[in-house]
Amino acid sequence: MYITWPTHKNAFLLCLFLPLWLAGCSSNIIQQQSPRILQLESKDFASYWVVKDKLIDWRKALPNGLHNDPKENTTQYKASFVVNSHGQMTQLEIINSVTGELLDQAALAEISNQQFYPTAQNSALQAVRINTSFRL
């Protein structure tokens, strides 16, 4: 059994092309990453997206019985969501600030269908994450 070692010429070519090949692989990985989501304060949201048709009605996220409950009307809720580059609301989470309870995702289905239009300043269709709070 004979082991053949690469010649100096083959080793040189391998050393020359291996870094180029690795650089090409890494650039493909970078290009396949998802777009960056910009974190915004709620006051800056209107510079990127506007609500389609009407304002967001946060009451749609709460069970009907809570709408008329005076105690619930004073409860503050924290909402977090992403408006993606297609103007769709995704990753919606609403938390009761008093109890720390996360609202059920099924209850959020109707409100998470909300659509948005990009503003003239957001011609790149930048996806954004908003953290806000509300009371009913």
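Preceding block: the structure.
In this report, we go over the structure that sits alongside the text. Fair warning: this is a prediction, and the values are worked out from it, not measured in the lab. Counting of residues starts from 1 at the beginning of each chain's written sequence and follows it residue by residue. Restriction of local features to residues with pLDDT of at least 70 applies here, the model being predicted, together with a cutoff of 80 or more for giving and counting side-chain atom pairs; totals for whole chains, interfaces and linings are based on all residues. Only hydrogens and water are set aside; all other atoms, that is, all heavy atoms of the structure, feed into the side-chain values.

### Focus on the side chain of Gln114
- By secondary structure assignment, the location of Gln114 is in the loop between strand S4 (89-96) and strand S5 (116-118).
- Throughout, a contact is declared for two residues whenever any of their heavy atoms are within 4.5 Å. Look past the residues within four positions of Gln114 in its chain and what remains in contact with it is Val51, Lys52, Lys54, Leu55, Ile56, Gly87, Gln88 and Met89. Only DSSP runs of H or I with at least four residues qualify as helices, and only runs of E with at least two residues qualify as strands; both kinds are numbered from the N terminus onward.

### As for the sheet that holds strand S1 (residues 38-41)
- The criterion for strand pairing is that DSSP finds at least two bridges linking the strands in question. Sheet architecture is open: four strands sit in the order S1-S6-S3-S4, paired in mixed fashion. This sheet does not close on itself; its edge strands, each paired only once, are S1 and S4. Pairs of neighbouring strands in the sheet enclose a mean axial angle of 20°, with direction left out of account.
- By the bridge criterion, eight bridges tie strand S3 (residues 76-83) to strand S6 (residues 128-135) in an arrangement that is antiparallel. Here the axes come from fitting lines to C-alpha atoms, over the contacting stretch only for helices, and the angles between their N-to-C directions go from 0 to 180 degrees.

### What to know about the side chain of Asn84
- You can see Asn84 is positioned in the loop between S3 and S4.
- Under the rule applied, a polar contact is a pair of N or O atoms within 3.5 Å (in protein, one hydrogen donor and one hydrogen acceptor; residues adjacent in sequence only if both atoms are side-chain atoms). From its side chain, Asn84 meets the backbone nitrogen of His86 in a polar contact 2.8 Å long.
- Apart from residues lying up to four places away in sequence, Asn84 is in contact with Trp49, Thr90 and Ala127.

### As for the environment of Tyr48
- Its place among the elements puts Tyr48 in the loop between S1 and strand S2 (49-51).
- Residues Tyr48 and Thr119, spaced 71 residues apart in sequence, show a C-alpha to C-alpha distance of 5.4 Å.
- Every residue in contact with Tyr48, bar those within four places of it in the chain, is listed here: Leu38, Leu40, Tyr117, Pro118, Thr119, Asn122, Gln126 and Val128.

### A word on the packing of aromatic side chains
- Stacked, tilted and edge-to-face pairs are distinguished by plane angle, under 30 degrees for stacked and over 60 for edge-to-face with tilted covering the rest, among Phe, Tyr and Trp rings (Trp via its six-membered ring) whose centres lie within 6.5 Å. The tally for this structure, following the rule as stated, stands at six aromatic pairs.
- Each ring, one from Phe45 and one from Phe116, has its centre 5.6 Å from the other, and the planes form 85°; the classification is edge-to-face. Separated by 71 residues along the polypeptide, Phe45 in the loop between S1 and S2 and Phe116 in strand S5 bring together distant segments of the chain.
- Relative accessibility thresholds used throughout: buried, under 20% of the residue-type maximum; exposed, over 50%; partly exposed, between the two (1.4 Å probe, protein chains only). Residue Phe116 is classed as buried on the basis of its relative accessible area of 4%.
- Look at Tyr77 and Phe134: their rings are 5.4 Å apart centre to centre, the planes differ by 15°, and that puts the pair in the stacked class. Taken as a pair, Tyr77 in strand S3 and Phe134 in strand S6 lie far apart in primary sequence, 57 residues in all.
- Among the residues examined, Phe134 registers a relative accessible area of 8% and is labelled buried.
- Through a chain of ring-to-ring contacts, three or more aromatic side chains come together here, namely Phe45, Trp58, Tyr77, Phe81, Phe116 and Phe134.

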